[in-house]
Amino acid sequence: MGFDDATYRPCACCQAVWYQRIHALWRARGKTKCDALIAQRKRIYFESLQGNVLEIGPGTGPNLSYYPSDIQWIGIEPNQYMHPYLKQAAAQHKIQAQIHCATAEQLPNADASVDAVVSTMALCTVTRLADTFNEILRVLKPGGRFIFIEHVAAPNGTALRRIQNMAQPLWHVVYAGCYPNRELWTAIERAGFADVHLEHFRLPILVESPHIAGVAIKHG
């Protein structure tokens with residue numbers, strides 16, 4: 001995959017209280033360019049969700065407006081300063097919500113307890129991908145779906161990949177531990193799902209592009 005997951009650790013800056021407060025405030029100020037560009041894909045992928053839906057790294061809740069209002073939503077957000085915004089967004093969209101200050105590598109949910117897991121622009125920041133996918137498979141019910149929309153590494157040898165590789169050390173510090181050069185599609189395909197359907201697409205964004213979106217299904 002071009003990196004060793006064992007070497008990935010959150011930077012000290014991203015763990016600092018002052019940084020978490022600033023990041024939450026920045027995320028709460030409004031939609032990013034990327035949010036607007038992937039809105040239609042969110043509508044398509046989220047409209048059929050039902051039951052218990054767990055979202056990894058929901059931030060301040062930009063996805064909540066795309067979910068059906070009758071789901072039971074579970075947010076796994078390690079930045080506690082995002083939580084007030086999440087509660088406000090859930091109430092605004094009349095969604096039953098639980099919010100946990102936890103990480104994707106150690107989900108607090110019981111085995112086979114959720115119908116779907118959602119991740120949008122979050123897997124770039126998890127510390128250990130293998131542990132994260134093991135946890136997703138653990139908490140999903142048989143036949144449950146993992147829905148993802150993520151930015152990924154550009155193809156090897158391209159100018160954009162070279163830019164990503166050069167930007168990565170600073171990017172990781174500034175953007176909450178984000179790694180722009182992860183080949184996430186390979187990790188998802190090898191994670192142990194029964195079936196994976198994904199699409200590759202490009203957005204007019206520098207560094208955090210190209211993207212993937214899709215559904216991975218747990219064995220029934």
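As recorded in an unreviewed UniProt entry, the chain goes by the name Gll2671 protein, listed as coming from Gloeobacter violaceus.

1. A look at the pairing of strand S5 (residues 140–151)
In this structure, strand S4 (residues 114–120) lies alongside S5, joined through six bridges in parallel fashion. Bridge pairing in S5 places Val117 opposite Phe146. Regarding topology, helix H6 (residues 129–139) serves as the crossover connection from S4 to the parallel S5, and that connection is right-handed. Relative to strand S7 (residues 211–217), S5 runs antiparallel, the two sharing seven bridges. Across the sheet, residue Ile147 finds its bridge partner in S7, namely Val215.

2. Some words on unusual backbone geometry
The omega torsion across Ser209 and Pro210 is 5°, close enough to zero to call that bond cis. Its location among the elements puts Pro210 in the loop between strand S6 (195–201) and S7. For Ala112, which is not a glycine, the phi torsion comes out positive at approximately 50°. Turning to its location among the elements, Ala112 is positioned in the loop between strand S3 (96–100) and S4. The exposure class of Ala112 is partly exposed, given its relative accessible area of 36%. With a phi angle near 55°, Met121 is a residue other than glycine that sits in the positive phi range.

3. Observations regarding the packing of aromatic side chains
A complete count under the given rule lists four aromatic pairs for this structure. Measuring from centroid to centroid gives 5.0 Å for Phe46 and Tyr67, while their planes differ by 20°, and the two rings are stacked. Of this pair, Phe46 sits in helix H4 (residues 39–46) while Tyr67 sits in the loop between strand S1 (52–56) and strand S2 (72–76), and the two are 21 residues apart along the sequence. Residue Phe46 is classed as buried on the basis of its relative accessible area of 0%. Seen in terms of ring centroids, Phe146 and Phe193 are 5.9 Å apart; in terms of plane orientation they differ by 15°. Their pairing is stacked. Of this pair, Phe146 sits in strand S5 while Phe193 sits in the loop between helix H8 (184–189) and S6; the two residues are 47 residues apart in sequence, bridging distant segments of the chain. This pair shows no difference in class: Phe146 is buried, exactly as Phe193 is. Cluster of aromatic residues (ring-pair linked, three or more members): Phe133, Phe146, Phe148 and Phe193. The ring of Phe201 carries Arg41 above its face, with NZ or CZ at 3.6 Å from the centroid.

4. Quick look at the pattern of salt bridges
Taken as a whole and assessed by the stated rule, the structure comprises six salt bridges. Between Arg161 and Glu183 there is a salt bridge; the shortest N-O distance is 3.1 Å. Linking Arg161 in helix H7 (residues 159–174) with Glu183 in the loop between H7 and H8, this pair joins segments that are 22 residues apart in sequence. Relative accessible area serves as the criterion here: at 6%, Arg161 is assigned to the buried category. Because the salt bridges share partners, they merge into one network encompassing Asp111, Glu135 and Arg138.

5. Focus: the confidence of the model for the chain
Confidence along the chain averages 88 in pLDDT terms, with 86% of residues attaining 70 or more. Counted against residues more than four places away or in other chains, residues 1–14, with its pLDDT under 50, gives 33 contacts.

What counts, and where the lines are drawn
Note on numbering: residues in each chain are counted from 1, in written sequence order. A pLDDT threshold of at least 70 governs which residues receive local features in this predicted model, and a stricter bar of 80 or more applies before side-chain atom pairs are shown or counted, although totals over entire chains, interfaces and linings include all residues. With hydrogens and water stripped out, all remaining heavy atoms of the structure feed into the side-chain values. In this analysis, strands are considered paired if DSSP registers two or more bridges between them. In DSSP terms, a helix is any run of H or I states spanning at least four residues, a strand is any run of E spanning at least two, and both are numbered starting from the N terminus. With strands facing away from the observer, any crossover in which the path from the first strand over the helix to the second runs clockwise is taken as right-handed. Exposure is judged per residue with a 1.4 Å probe applied to protein chains only, and the accessible area is read against the type maximum: over 50% gives exposed, under 20% gives buried, and values in between give partly exposed. Stacked, tilted and edge-to-face are the three classes assigned to paired rings of Phe, Tyr and Trp, where Trp is represented by its six-membered ring and a pair needs centres within 6.5 Å; plane angles under 30 degrees give stacked, over 60 edge-to-face, the rest tilted. The criterion is that NZ of a Lys, or CZ of an Arg, lies within 6 Å of the ring centre and within 35 degrees of the ring normal, and then a charge sits over that ring. The term salt bridge refers to a side-chain nitrogen of Lys or Arg lying within 4 Å of a carboxyl oxygen of Asp or Glu. Note on scores: pLDDT gives the predictor's confidence for each residue, bounded by 0 and 100. The contact criterion used throughout is that any non-hydrogen atoms of two residues lie within 4.5 Å.

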